[in-house]
Structure formats: structure tokens, C-alpha cells
Amino acid sequence: MKGVENCLDKDFYFGYATAAVQIEGAWNVDDKGLSIWDKFSHLPNKIKDDTNVDETAEAYKFYKEDVQLLKSYGANAYRFSIAWSRIIPLGGRNDPVNAKGIEFYSNLIDELLANGITPFVTLFHWDTPQALEDRYNSFLNKEEFVADFCNYAKVCYEAFGDRVKHWITFNEPEVYSACAYLAGIFAPGRCSDRSKSSEGNSSTEPLIVSHNMLIAHANAVKIYRTEFQPTQKGTIGITLSGNWAEPWNPNDPRDVSAAERMLVFDIARFADPVFKSGDYPPEVRDQMGDRLPTFTPEESALVLGSSDFYGMNTYTAFYIKHKDTPADDTDTKGNVVYEETNWEGKPRGPKSATDWLCTTPWAFRKLLNWIYARYKYPIYLTEQGTTAPGETAPTEDVLNDTFRIDYYTSYVESLALAVKEDGVVVKSYLAWSLLDNWEWANGFTDRFGVTFVDFSSPEKTRYPKKSAYVLKELFQNLIKNE
Ligand code: BG6
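As recorded in an unreviewed UniProt entry, the chain goes by the name beta-glucosidase, listed as coming from Umbelopsis vinacea. UniProt annotates the chain under Sequence similarities (unreviewed entry) with the comment "Belongs to the glycosyl hydrolase 1 family."

What follows is the structure, encoded as C-alpha cells:
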């Protein structure tokens, strides 16, 4: 990579991201309570390979080994999520706190710090305690959920805030609300399709859930800012998902505005309330009407500015075409059509092993610019990565993962150009993911790791892939050393 050497500041964070459900295993160890995934993953026909989360990479047991991997990969940061049901097994504000759960994360944090790795902690990466789902339908009950989430967040700030200086409240409200409450493919699996779920309403619930998530986020941030930030001096924010929308035919103004509309529905619907206006974008309100909840003036004031940084997860891009028919009442994407090739038949990019994911580095730079121009907040890249075709065994070929190497090399170059030539402020690059993990609806069929995990071995043997060392070298060249 020529011409971009040393373009990232000395305090830039490079490392990896994971989530508790996807790597920890140990679902019932040390008094952990059940999360919604412990139940959902055991239901028939929900997970592609019929696996569940009882046993995964077992990071609960092998976390010290994983910290050594991070170190050998040159990481100076690690984003992991806390399983709420380990800290408060029944989840609620009047339920007991589990000292063993606190101890586990405390040990992990100490181990990271002792090895020079800065922890980035996500409080919620999709694993609501099952007890809160059973008691009051979790996110669907705003008052109860906000109070319980704030209590859990406070327990975490108190226990870990002396050492954790980077907090992320929620991971990807858009993906979670759409997959769990619209498509019904993530726990708790609610949707209007009665062949998939006996409960749920796909036209309203995803919007209620993501609305309540923003309010829970803002309240948890307020607590941190008033009670903890003055002494603990950390930062706190939210991580949003978003993939680039490229007009299917750039010469057709209808496709150009469809692509922009998709970005507004997918990204600005969550980011505008937090970073720009305290409310949803007008075009979203126009299409969704009364289905979209409203913020009270107090909520709006609380949500606006409730993030110290823009947490960004992005993986790919789509060609977006306009639609001639009116939007239906479950649409959350701005009434557009997703296409695999553009009007000239050009594909999005090399295809990974995951149906929605292609290598599109050209789009990453555009998206960084779009987000930075609209919000002007420093960006923390908190997830990016890919699966690769044919990764089933730790053979020499698989470990020499050229597909993933090409993905990361080209995306990191786009990042460097966005910083150096376009002036976008980016403060971290946390790749997804450290380990092959349990990939939600796809189970173990999709491997996102820079480390191959042999799930059939009792020790869940880890085999580094070459991409880990390529990434290490890329960032050694990009980050200034003084
Ligand atoms: C992100 C999530 O949306 O994408 C991760 O934050 C997830 O947890 C990753 O593993 C890949 O997504 P999927 O839908 O292919 O499992």
C-alpha cells in the first residue's frame, strides 16, 4: 500500500470484535441464566445446520489463549460483549447479581490490559435474558425494559468502569429489530408469518423495538455521563449497521434517489435521532406514518447527542433500484429493490460464502464519506469482515485464506484513502472476527474468523489463518509510531 503509510494517528485502535453468544459457550456454567438464544437455538428448524449455542468456541474457558492470539496478531484493542444473563441471571432490577459472572469479565479485562490490549465493551449484542422475555416481552415494554437495562448497565459501569474506557450500549438496532421481529429468524423469533411464529406483528414490532432500544441507550448513557464519566473518564456510544447503496442505473434519477432513500431508512433512521436531529428523518415518517413511534420532547432531547462517537459496522454494498409499486406495511428499507448486478450486468464483487456478502471496497470509502459528511462525529469502525468460500477444514489452503486477505487489504486501503485524502476521522478498525464463531441463523456454516476453530475437537483447537498476519502488517504500516 503506497502513499498512505503512517496516515493513522498513534492512538488508533486496531483489533478484533466478537459477541458473547457467538463464542462463549458455557451456557449454564457459574450460575449463568438463560438468554433468549439458549431457548431459540434449540427450537426445531430455526438454525440452518440445526446447531445450538450450548457449545461454541468455548471462549469462556479458553479466553487466556484468545488474548494471546490477539497479542500475536498485533491487536491493541478487543471488542467483546457482556452476556447480561451472566451478570444478572434473571435480568431484572430486583434480581440478584451473579458474582461469578462479574468475576469472569473482570478476569478477561485484566488479562487484556496485562497484554497491552484496550477493551471495548458492548453491553447488548442481542442476548436478552430469557426471564425478561417471559415476564413482559422485553423490548416491547418500554418502561420495564428501560429500567432493567439501565440497572444492568449501571452494574457493569460499577464493576468494570475503573478499567473499561470504551462502552458501546447496543449493537446494530436495525439488524436486530428486523431479523428478530420482522423476519423472525433471530431470537425471540417474532413475526407476522404464522408458519414461523405464533406471535408477533412484522409491521409494527420492529419499529417499536428499535425505538425502545434508542431510548434505553440514551438513558444508559445519561447514567454513565452523570454518575461515572466524571471520574472514570471513559467514552460511550452506540454501534449502528449499514451497507452502501449504489444506484442500479446511475443515469436514472429514480434509482439514484432510491439508493439514497435506502441509506436514509437503513442508517439515518437510527443515526439522525442520535447524531443530528433527535427525531426520525421526515421521509421515513412520511412512508411509515403511524407505524413509527414518536419521541416525546424529553426523549428527543435525551436521545440527541447521546453518543460520544459514531460506532460503525459495515461489510458490503448492494445495487439499489427504484420500485414502481407502493411500499407495503412491513417495508423498512425505503421501498427499493436489491439487485446482485447493475444495469450493465456488473456484479457487486467477489462472492463470499454468505449470501448477502460480497467484497466491495469501493463502497466502503463512499459510505465513510456519507456518514462523516452527514454527522461529523469521529467514527469508530467496530466490525468489518468476511467469510470465504470452502472453509471447512484447517488445511494449508484454507489457512492461507487469500479471499479474506484480498477483502481486508482492499478495504483497509479504502479506509486509509478516506482518512488521508477525504479527511474522514476514523479512530478504530475492529475486524469481524477473531474466531470462527456461531453465526446466528446460519449456525456453524459461516466462518468469519481470522482464526479457524475446530469445533469437533474437545479443546476447540484454534488455527491462525494468514489474514491475521496480513492485517497486522497493514496496520503496522498505517499507524504512526510516534
Ligand atoms: C453483524 C453482527 O451484523 O454481522 C455480527 O453484529 C454477525 O454479530 C455479523 O456475526 C455477520 O452477520 P450474519 O447475519 O451473516 O450472521
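That shown, we press on.
Draft legend 1. Region of the structure containing the sheet that holds strand E9 (residues 336-339). In spatial order, the strands read E6-E8-E9; together these 3 strands make up an open sheet with mixed pairing. Each end of this open sheet is capped by a strand with a single partner; those strands are strand E6 (244-247) and E9. Direction aside, the axes of adjacent strands within the sheet are offset by 45° on average. Sheet topology places strand E8 (residues 317-322) next to E9; 4 bridges connect them, and they run antiparallel.

Draft legend 2. Looking closely at the site of the ligand. Around the ligand, 13 residues are found, and the nearest of them are Gln-22, His-125, Glu-172, Glu-383 and Glu-439. Between Trp-432 and the ligand, the recorded distance is 3.3 Å, taken from a side-chain N or O atom to an oxygen atom. A distance of 2.9 Å separates an oxygen atom of the ligand from a polar atom in the side chain of Trp-440. Protein coverage of the free-state accessible area of the ligand, which is 390 Å², stands at 91%. The pocket occupied by the ligand, as judged from atoms lying within 2 Å of grid points, is the largest pocket. Along the lines of polarity and charge, the residues of the shell around the ligand split into 6 nonpolar, 4 polar and 3 charged.

Draft legend 3. How the structure looks around the layout of surface pockets. Each pocket or cavity is described by its volume, and for the largest pocket that value is around 1000 Å³. In this structure, the largest pocket is lined by 38 residues; those nearest its centre are Val-175, Cys-179, Ile-185, Phe-186 and Trp-356. Taken together, the elements giving at least two residues each to the lining of the largest pocket come down to helix H8 (173-181) and helix H10 (253-276). With 4 residues, H8 is the single largest residue contributor to the lining of the largest pocket. Residues that form the lining of the largest pocket fall into these classes: 18 nonpolar, 11 polar and 9 charged. The computed volume of the second largest pocket comes to approximately 320 Å³. In terms of lining residues, the second largest pocket is bounded by 16 residues, among which Lys-39, Pro-188, Gly-189, Arg-190 and Glu-199 are the most central. Secondary structure elements with two or more residues in the lining of the second largest pocket: helix H2 (36-40) and helix H6 (130-136). Residues of the lining of the second largest pocket, tallied by class, amount to 4 nonpolar, 5 polar and 7 charged.

Draft legend 4. Examining the side chain of Ser-41 more closely. Inspection of the secondary structure puts Ser-41 in the loop between H2 and helix H3 (59-72). Here the side chain of Ser-41 touches Trp-37 through a polar contact of 2.8 Å, landing on its backbone oxygen. Within the local environment of Ser-41, its side chain forms a polar contact with the backbone nitrogen of Val-53, the two atoms lying 3.3 Å apart. The residues touching Ser-41, leaving out its near neighbours within four places in the chain, are Ile-47, Thr-51, Asn-52, Val-53 and Trp-438.

Draft legend 5. Region of the structure containing the environment of Lys-2. Relative to the helices and strands, Lys-2 resides in the segment before strand E1 (13-17). With relative accessibility at 78%, the residue Lys-2 sits in the exposed group. Taking the C-alpha atoms as reference points, Lys-2 and Asn-477, 475 residues apart in sequence, are found 9.9 Å from one another.

Draft legend 6. Spotlight on the sheet that holds strand E7 (residues 310-313). Around the barrel, 8 strands lie side by side as E1-E2-E3-E4-E5-E7-E10-E11; this closed barrel has parallel pairing. Mean inter-strand twist for the sheet, computed between neighbouring axes without regard to direction, equals 25°. Note that E7 and strand E10 (residues 379-383) share 4 bridges and pair parallel. Its bridge partner being in E10, Met-312 is matched across the sheet by Leu-381. Across the face of the sheet, H8 comes into contact with strand E3 (118-124), strand E4 (166-171) and strand E5 (235-241) while running at roughly 50° to E5.

Draft legend 7. Main features of the nonpolar core. Counting residues in hydrophobic clusters, the biggest one holds 158 residues, and the most contacted among them are Tyr-16, Trp-37, Tyr-429 and Phe-475. Apart from the residues within four sequence positions on either side, Phe-475 is in contact with Leu-8, Phe-12, Phe-14, Val-412, Leu-415 and Tyr-429.

Draft legend 8. Layout of the pairing of strand E2 (residues 77-81). Counting buried residues along E2, 5 of its 5 residues qualify, which places the element largely inside the surrounding structure. The pairing of E2 with E3 spans 5 bridges and is classified as parallel. Counterpart to Arg-79 in the pairing with E3 is Phe-120.

Draft legend 9. Representation of the packing of H10 against helix H13 (residues 361-375) within the structure. At a closest axis distance of 11 Å, the pairing of H10 and H13 adopts a crossing angle of 40°. Regarding the angle of H10 to H13, the classification is oblique. Note on packing geometry: the crossing formed by H10 with H13 is right-handed. Residues Glu-260, Leu-263, Val-264, Ile-267, Ala-268, Ala-271, Asp-272, Phe-275 and Lys-276 of H10 pack against Leu-367, Trp-370, Arg-374 and Tyr-375 of H13. Tallied by class, residues from the contact of H10 with H13 come to 9 nonpolar, no polar and 4 charged.

About the cut-offs
- Residues numbered from 1 in each chain as written.
- Predicted model: local features only at pLDDT ≥ 70, side-chain atom pairs only at ≥ 80, totals over all residues.
- Heavy atoms only, no water.
- UniProt positions renumbered as here; feature names shortened; annotations may be inferred.
- Pairing = 2+ DSSP bridges.
- Helix = DSSP H or I, 4+ residues; strand = E, 2+ residues; numbered from the N terminus.
- Axes fitted to C-alpha atoms, helices over the stretch in contact; angles between N-to-C directions.
- Near = heavy atom within 4 Å.
- Polar contact = N/O pair within 3.5 Å; in protein donor to acceptor, adjacent residues only side chain to side chain.
- Areas by Shrake-Rupley, 256 points an atom, 1.4 Å probe, with all protein chains shown as cover.
- 1 Å grid on protein atoms, 1.4 Å probe; cavity = no way out; pocket = protein on both sides within 12 Å on 5 of 7 lines; lining within 4 Å.
- Sits in = over half its atoms within 2 Å of the grid points.
- Nonpolar A, V, L, I, M, F, W, Y, C, P; charged D, E, K, R; others polar.
- Points joined across faces, edges and corners; volume = space filled by probe spheres on them.
- Contact = heavy atoms within 4.5 Å.
- Buried < 20%, exposed > 50% of the residue type's maximum accessible area, 1.4 Å probe, protein only.
- Core = buried A, V, L, I, M, F, W, Y, C linked by side-chain atoms within 4.5 Å.
- Parallel < 35°, antiparallel > 145°, perpendicular 65-115°, else oblique.
- Left-handed = near helix turned anticlockwise from the far one by under 90°.

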